[in-house]
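Now for the letters of each chain:
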Amino acid sequence: MQADRQGRLGGFAMLSDAAVQDMAAWRQDLHRHPETAFDEHRTAGKIAALLRSFGLEVATGIGRTGVVGTLRAGGGERSIGLRADMDALHLHEEGDAPYRSLHAGRMHACGHDGHCAMLLGAARHLAESRAFDGTVQFIFQPAEENEGGGQEMLEDGLFERFPVDGVYGMHNWPGLPLGQMAMHPGPMMMAFDLFEIRLRGQGGHAAMPERTRDVVAAQAQLVTALQSIVSRNVDPLDCAVLSVTQVEAGSTWNIIPEQALLRGTVRYVNPTVQAVIESRMRALVDHIALAMGVEAEMDYWYRYPATINAEAETWRAADVAAELLGEANVRTNMRPSMASEDFAFMLQERPGCYAWLGVDGPAPSAGLHSPHYDFNDQALAIGAAYWIKLVETTLAPAAAKQ
């Protein structure tokens, strides 16, 4: 495969076959034992134990269940942060791998098990080689999926306790071939908000709707009307997505219910767009409720900001990836994703770069968050080599730069 050829020619020989096998074993162990947001106790314990065995200084309980391993070499004062997310999803695994999840209703369907294994592999190699001058902070973050573990780590003093000049993240990316990476300056992923709309009317017999105040009819009007916000109130040159993802009402065929519920997400880059969307949502909820004779309440929660890469750090990361993979295998022109990432909080505090790592083999991978998803272990050597080369380049000793 292309990745294998590039691996031996592009510098992956820094990682022995035994090292790659160890990463695969760690990854598959984490896959068997998935833990969701802020419940990553076994995961954090395993990661902390491995980091200590490599000779790193280790701190635990950062942002509740986060782990930070610190590695120093030389006398340099520069520092770099590398981040991997640890949490799994509330999803039942449908795959049949021998290392499939042992816990019903939980699985690593986003590849965070692979992210941890790659960063652990890089930590061990760098601890053995010490081929850099400065400090590396290996950040293992909890609760990336919806719960904002990155923000929790920052509120727990992450960068005050473990200073970094720049911070870098990486995510496996189905749809991108194995042996390729993608990154670009500016937005990589969107901001992410949540909303909930509760309707209350007057229930009654389905044969006598005139005696009710029908929340289902109001609910249907709202689902349709909310879609007009992006198409009619947001500048077409700005990107935004409003999705209604939960619609709940009623319990049987012949009763008009008294209550109904709508939930969903809003995604955007520009905060001005967010303000327009939220304002129009509130107006539509109020006026449609009034027109339909029901009561309505709406809650709107700001979740993750947009994931925005810094210019200098991104081009440095792209150069590192190109040195490993070949220039043709580094995509700097891919469109941003409308998905969201709480690494965005870290990028608000320090400059850095978030990259996508290709994982598709001859057959496309199942999509992220699919019950059939499984991280491609052939990508482990590529991701670990990227981390290693990024550290060695960013924290190169002064003599090596001359």
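Keep in mind it's a predicted model, so treat the numbers as computed, not measured. (Residues numbered from 1 in each chain as written. Predicted model: local features only at pLDDT ≥ 70, side-chain atom pairs only at ≥ 80, totals over all residues. Heavy atoms only, no water.)

Chemist: Explain the overall build of the protein to me, using residue names and the numbers behind them.
Modeler: In terms of regular secondary structure, the protein is built from twelve helices and 16 strands. The C-alpha atoms of the protein give a radius of gyration of 24 Å, which matches the 21 Å a tight globule of 402 residues would have. Along the first, second and third principal axes, the C-alpha atoms of the protein reach 80 × 45 × 40 Å. Looking at the protein as a whole, 54% of its 402 residues are labelled buried. Across the protein, contacts joining residues at least 24 apart in sequence account for 80% of those joining residues at least 6 apart. On the protein, roughly 17000 Å² of surface is accessible, and the fraction owed to carbon and sulfur atoms is 50%. Averaging the coordinates of the 32 positive side-chain charges in the protein and doing the same for the 50 negative ones gives two points 1 Å apart. (Helix = DSSP H or I, 4+ residues; strand = E, 2+ residues; numbered from the N terminus. Rg over C-alpha atoms; globule rule 2.2 N^0.38 Å. Buried < 20%, exposed > 50% of the residue type's maximum accessible area, 1.4 Å probe, protein only. Contact = heavy atoms within 4.5 Å. Areas by Shrake-Rupley, 256 points an atom, 1.4 Å probe, with all protein chains shown as cover. Lys, Arg positive; Asp, Glu negative; His and termini not counted. Charge placed at Lys NZ, Arg CZ, Asp CG, Glu CD.)

Chemist: Account for the pairing of strand β8 (residues 191–200), naming residues and giving values.
Modeler: Of all ten residues making up β8, seven are buried, and the element is well covered by its neighbours. As judged from the nine bridges shared by β8 and strand β13 (residues 295–304), these two strands associate in the antiparallel manner. Bridge assignment links Leu194 to a residue of β13, and that residue is Trp301. (Pairing = 2+ DSSP bridges.)

Chemist: Tell me about the nonpolar core, and please be specific about residues and values.
Modeler: What tends to happen in soluble globular proteins is that the nonpolar side chains get buried as a cluster. The biggest cluster of nonpolar side chains holds 65 residues, and the ones touching the most others in it are Leu82, Phe138, Phe140 and Tyr386. Per-element accounting of this core gives the leading share, ten residues, to helix α11 (residues 380–394). Apart from the residues within four sequence positions on either side, Phe140 is in contact with Ile47, Leu51, Gly66, Val67, Ala84, Met86, Cys116, Leu119, Leu120 and Met153. With 28 residues, the next largest nonpolar core counts Leu199, Val215, Leu262 and Met281 among its residues. (Core = buried A, V, L, I, M, F, W, Y, C linked by side-chain atoms within 4.5 Å.)

Chemist: I'd like to hear about the environment of Ile255, residue by residue, with values.
Modeler: Tracing the backbone shows Ile255 in strand β11 (residues 255–256). Expressed as a C-alpha distance, the spacing of Ile255 and Gly204, which sit 51 residues apart in the sequence, is 5.8 Å. Ignoring any residue separated from it by four or fewer positions in sequence, one finds Ile255 in contact with Gly204 and Ala206.

Chemist: Explain helix α9 (residues 311–325) to me, using residue names and the numbers behind them.
Modeler: Taking 1.5 Å per residue, 15 residues should reach 21 Å; α9 reaches 21 Å between its end C-alpha atoms and fits that length. Among the residues of α9, Glu313, Thr314, Ala317, Ala318, Val320, Ala321, Ala322, Leu324 and Leu325 are the ones counted as buried. A positive phi of about 95° marks Gly326, the residue just after α9. (Expected span 1.5 Å × (residues − 1).)

Chemist: Residue-level account of the packing of aromatic side chains, with values.
Modeler: Taken as a whole and judged by the stated rule, the model has seven aromatic pairs. An aromatic cluster is present here, built from Phe192, Tyr304 and Phe345 joined pairwise through their rings. When the ring centre of Phe38 is taken as reference, the NZ or CZ atom of Arg64 above it lies at 3.6 Å. (Phe/Tyr/Trp six-rings, centres within 6.5 Å; stacked < 30°, edge-to-face > 60°. Lys NZ or Arg CZ within 6 Å of the ring centre and 35° of its normal.)

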